[in-house]
Amino acid sequence: MTSSFAKVAEYSAKHPKPADITFAYGTAGFRTIGETLESTVFRCGLLAALRSQSKQGRVIGIMITASHNHERDNGVKLVDPMGEMLQQSWEGYCTEIANASTDAQVVEILSEIAEAEGIDLSVTPKVAYARDTRPSGPLLLSALQDGLAAMDVDATNYGIVTTPQLHFFVRCLNTKGSPAEYGEANEAGYYRKYGQAFLRLVEGKPLPSTLYIDAANGVGAPQVRKLAEAINSPYFSIDVRNTDTETLGKLNIDCGADYVKSNQHQPRGIMLTPSGRYCSFDGDADRILYYYSDECGTFHLLDGDKISTLVATYLRDLVATAGIEDLDVGVVQTAYANGSSTRYIKDTLKLHTVFAMTGVKYLHHEAEKMNIGVYFEANGHGTVLFNASAVNTLREFVPASPAQAEAVERLWALRDLINESVGDAMADMLLVEAILICKGWTLAQWDESYTDLPSRLLKVVVNDRNIFKTTNAEQTLTSPHGLQEVVDELTAKFPKGRSFVRPSGTEDAVRVYAEAATRGECDQLAYSVAGAVFDKAGGRGERPAEFI
Ligand code: NG1
Ligand code: ZN
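Residues numbered from 1 in each chain as written. Chains lettered and ligands numbered in written order. Predicted model: local features only at pLDDT ≥ 70, side-chain atom pairs only at ≥ 80, totals over all residues. Heavy atoms only, no water.

Details of the sheet that holds strand β14 (residues 382–386)
So, step 1. Sheet architecture is open: four strands sit in the order β12-β11-β13-β14, paired in mixed fashion. What marks the edges here is a single partner per strand, and that holds for β12 (352–355) and β14. When strand polarity is set aside, the average angle formed by the axes of neighbouring strands in this sheet is 20°.
So, step 2. Taken together, the five bridges between strand β13 (residues 372–376) and β14 define a ladder with antiparallel strand orientation. (Pairing = 2+ DSSP bridges. Helix = DSSP H or I, 4+ residues; strand = E, 2+ residues; numbered from the N terminus. Axes fitted to C-alpha atoms, helices over the stretch in contact; angles between N-to-C directions.)

Considerations on empty space enclosed by the protein
So, step 1. For the structure on display, the rule yields one cavity of 30 Å³ or more.
So, step 2. For the largest cavity, the full set of lining residues is Tyr25, Gly26, Thr27, Ala28, Gly29, Lys77, Leu78, Met85, Leu86, Glu91 and Lys361.
So, step 3. Split by residue class, the lining of the largest cavity holds five nonpolar, three polar and three charged. (1 Å grid on protein atoms, 1.4 Å probe; cavity = no way out; pocket = protein on both sides within 12 Å on 5 of 7 lines; lining within 4 Å. Points joined across faces, edges and corners; volume = space filled by probe spheres on them. Nonpolar A, V, L, I, M, F, W, Y, C, P; charged D, E, K, R; others polar.)

As for the domain arrangement of the protein
So, step 1. When the domains of the protein are assigned, the result is domain 1 (2–160), domain 2 (187–302), domain 3 (304–424 + 442–447) and domain 4 (455–536).
So, step 2. The centre of domain 3, based on its C-alpha atoms, is set 30 Å off from the matching centre of domain 4.
So, step 3. Between domain 3 and domain 4, the contact holds nine residues from the first and 11 residues from the second.
So, step 4. Joining domain 3 to domain 4, the criterion identifies zero salt bridges.
So, step 5. Counting the contacts that link domain 3 with domain 4 gives five residue pairs in polar contact (both at pLDDT 80 or more).
So, step 6. A per-class count over the side of domain 3 that touches domain 4 returns six nonpolar, three polar and no charged. (Domains from an automatic or database assignment. Contact = heavy atoms within 4.5 Å. Salt bridge = Lys/Arg side-chain N within 4 Å of Asp/Glu carboxyl O. Polar contact = N/O pair within 3.5 Å; in protein donor to acceptor, adjacent residues only side chain to side chain.)

A word on the coordination of the zinc ion (ligand 2)
So, step 1. Donor atoms from the polypeptide that coordinate the zinc ion (ligand 2) comprise Ser67 (OG), Asp282 (OD), Asp284 (OD) and Asp286 (OD), at 2.0 to 2.1 Å from the metal.
So, step 2. Counting the intervening residues between successive donors of the zinc ion (ligand 2) yields the motif S-x214-D-x1-D-x1-D. Here serine 67, found in the loop between β2 (59–64) and β3 (73–79), pairs with aspartate 286, found in the loop between β8 (277–281) and β9 (288–293); they are 219 residues apart in sequence, far enough to count as distant.
So, step 3. Taking relative accessible area as the criterion, serine 67 reaches 4% and is therefore assigned buried.
So, step 4. The buried category is assigned to aspartate 286, whose relative accessible area is 6%. (Donors = N, O, S within 2.8 Å, 3.2 Å for Na, K, Ca; no water. Buried < 20%, exposed > 50% of the residue type's maximum accessible area, 1.4 Å probe, protein only.)

Points about helix α6 (residues 163–175)
So, step 1. With 13 residues, α6 extends 19 Å from end C-alpha to end C-alpha; this agrees with the ideal 18 Å at 1.5 Å per step.
So, step 2. Most of α6 is tucked away: 12 of the 13 residues are buried.
So, step 3. All buried positions along α6 are accounted for by Thr163, Pro164, Gln165, Leu166, His167, Phe168, Phe169, Val170, Arg171, Cys172, Asn174 and Thr175.
So, step 4. Two to three positions downstream of the cap, the backbone nitrogen of glutamine 165 sits 3.1 Å from a side-chain oxygen, assigning the N-cap of α6 to threonine 162. (Expected span 1.5 Å × (residues − 1).)

Describing the site of ligand 1
So, step 1. Taken together, 15 residues sit near ligand 1, with Arg502, Ser504, Gly505, Thr506 and Arg511 positioned nearest.
So, step 2. Asparagine 379 places a polar side-chain atom, nitrogen or oxygen, 2.8 Å from an oxygen atom of ligand 1.
So, step 3. For ligand 1, an oxygen atom lies 2.5 Å from a polar atom in the side chain of serine 504. (Near = heavy atom within 4 Å.)

Looking at the nonpolar core
So, step 1. In terms of nonpolar packing, the biggest core is built from 86 residues, with Leu166, Phe198, Phe281, Tyr290, Leu315 and Met429 touching the most fellow members.
So, step 2. No other element matches the 12 residues that helix α15 (residues 425–439) contributes to this core.
So, step 3. In contact with tyrosine 290, not counting residues within four places along its chain, are Leu211, Tyr278, Cys279, His300, Leu301, Leu302, Met429, Val432, Glu433, Leu443 and Trp446.
So, step 4. In this structure, Ala48, Ile60, Leu121 and Ala143 belong to the second largest nonpolar core, which totals 44 residues. (Core = buried A, V, L, I, M, F, W, Y, C linked by side-chain atoms within 4.5 Å.)

Observations regarding the state of the cysteines
So, step 1. Under the counting rule described, the total for this entry stands at zero disulfides.
So, step 2. Unpaired in terms of disulfides, cysteine 255 finds its nearest cysteine sulfur in cysteine 279, a separation of 13 Å.
So, step 3. Relative accessible area serves as the criterion here: at 2%, cysteine 255 is assigned to the buried category.
So, step 4. Here cysteine 438 stays unpaired: no disulfide links it, and the sulfur of cysteine 279, its closest cysteine neighbor, is 18 Å away.
So, step 5. The exposure class of cysteine 438 is buried, given its relative accessible area of 19%. (Disulfide = S-S within 2.5 Å.)

Quick word on a negative patch on the surface
So, step 1. Side chains of Glu96, Glu108, Glu112 and Glu115 sit close together on the surface and give a patch of like negative charge.
So, step 2. When residues of the negative patch are assigned to their parent elements, the largest contribution, three residues, is made by helix α4 (residues 103–116).
So, step 3. By the secondary structure assignment, glutamate 96 is in helix α3 (residues 88–98).
So, step 4. With relative accessibility at 37%, the residue glutamate 96 sits in the partly exposed group. (Patch = residues over 30% accessible without salt bridge, like charges linked within 9 Å, V, L, I, M, F, W, Y side chains within 5 Å. Areas by Shrake-Rupley, 256 points an atom, 1.4 Å probe, with all protein chains shown as cover. Lys, Arg positive; Asp, Glu negative; His and termini not counted. Charge placed at Lys NZ, Arg CZ, Asp CG, Glu CD.)

Some details on the environment of lysine 361
So, step 1. Note that lysine 361 resides in helix α12 (residues 360–368).
So, step 2. As for lysine 361 and alanine 28, which are separated by 333 residues in sequence, their C-alpha atoms are 9.0 Å apart.
So, step 3. At 2.6 Å, the side chain of lysine 361 forms a polar contact with the side chain of glutamate 91.

Side note on the packing of aromatic side chains
So, step 1. This structure, assessed with the given rule, holds 18 aromatic pairs.
So, step 2. Measuring from centroid to centroid gives 5.5 Å for tyrosine 190 and tyrosine 191, while their planes differ by 90°, and the two rings are edge-to-face.
So, step 3. The class of tyrosine 190 is buried, set by a relative accessible area of 1%.
So, step 4. The class of tyrosine 191 is buried, set by a relative accessible area of 4%. (Phe/Tyr/Trp six-rings, centres within 6.5 Å; stacked < 30°, edge-to-face > 60°.)

So, in structure tokens, the structure goes:
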């Protein structure tokens with residue numbers, strides 16, 4: 001046994017793995033019933049230490065959260081040095097160590113990874129960690145702290161913050177004193193950076209009306225209030241609803257971005273009035289959606305696709321005004337993007353667009369390949385990246401007129417307003433607000449760009465979702481045998497029909513997505529595909545209700 005792991009077995013004995021559970025590091029890390037995750041979180045602490053040592057002592061982040069999922073769930077994920085998601089090759093190590101059945105095996109796996117990766121174990125590991133407001137948070141946090149103590153980690157506890165704030169802190173810590181310095185690695189630094197960039201963009205423009213924010217009874221509630229205090233300007237006048245992080249059973253229930261997107265309905269605690277402006281965060285404040293009601297009381301959702309087209313259009317226009325020729329704006333979407341949005345990006349905006357697999361890490365990697373890459377999942381999770389060549393182009397560009405100089409200055413301010421490490425509800429909200437203020441637009445005006453095709457997302461519980469395999473950015477099933485043909489046949493019956501089936505990476509279920517020309521046809525398609533999945537691939541529980 002390597003002496004660096006001398007304390008691991010003893011600490012590990014305090015956090016035994018539940019014998020009957022197999023854990024898997026999925027799209028968003030580990031995620032399941034909170035109480036069952038003690039050993040997993042402890043072991044993530046060990047692995048984060050090793051990951052930090054493999055990166056010469058750069059800071060690795062750990063976030064304890066289950067985002068939009070039920071309050072009884074919890075989760076844990078590792079954050080790499082630039083604030084991005086953990087490198088994929090290490091996800092396998094996480095799964096492996098989480099499933100080790102004995103303490104001795106935990107130590108053995110650590111030694112094997114250290115050897116395989118050629119890690120210098122004399123390096124002092126550094127980890128920054130935080131949690132959201134879930135009731136199992138304190139238990140899991142203390143398991144994590146044991147993991148960090150077992151590896152003599154130089155650790156910083158950021159307390160209760162949003163997921164994107166933790167990503168931000170990690171990036172700040174690792175870039176401190178470098179040319180890529182990102183900001184101050186504390187809450188005040190976060191609010192100052194984004195608040196100042198926002199004010200730089202909006203000052204002198206007409207004031208917007210109050211923005212109502214549904215904080216999902218999660219960590220976004222206290223944090224967005226602190227943001228408003230720091231900005232302290234009528235340009236950011238907010239009214240925060242669903243702010244109860246204390247009462248059990250409220251987190252994400254009948255509120256939050258996931259609820260609003262799934263139900264196409266306003267959350268509890270928000271009464272819509274025409275001309276009112278509303279948005280919802282999810283439970284850890286990395287997703288955001290806007291919505292409003294028209295004069296007839298009809299609900300209109302401005303989802304991740306609408307945010308992405310708003311932002312991409314604004315950036316494209318600024319680049320044109322600045323007169324910069326070799327700076328392309330591109331958009332990354334997933335198969336869940338509404339077909340109308342994809343057509344709008346291609347045909348009207350004439351911007352380059354690609355599809356990535358579900359999960360922001362895949363979108364992030366695609367966006368990195370673009371000069372300015374705008375990426376959003378339809379559910380409201382996303383951000384914008386300026387790659388190194390875009391930054392150079394901007395730096396070297398010599399404006400030929402005051403109008404060009406102003407456009408360049410605005411591009412810099414926008415870049416400062418973006419959380420480049422990960423999608424961030426608060427930073428994205430300020431970005432949308434800034435663009436709407438600059439354009440003098442209401443939500444209805446923003447919504448006019450294109451009309452969404454009716455869509456439906458359903459969940460089917462099956463005996464084994466691992467039999468579902470996909471290709472073509474998850475839009476085509478390769479297994480179970482013959483099922484894709486059935487989906488194709490059903491889809492062909494409906495004008496503008498599109499449907500696909502994929503296993504969820506975060507829940508024990510299979511997701512069915514459908515869109516079509518009318519609401520009725522869309523629902524018919526969605527339920528018939530879900531029914532086929534249920535019948536042909538081991539559906540469990542209730543068969544998805546047939547659409548009548
Ligand atoms: P899964 O469970 O793999 O569909 C969900 C979301 C993703 C992403 C992750 C992480 C949908 C359809 N899927 O993934 O977009 O946000 O959770 O939170 O919204
Ligand atoms: Zn989230």
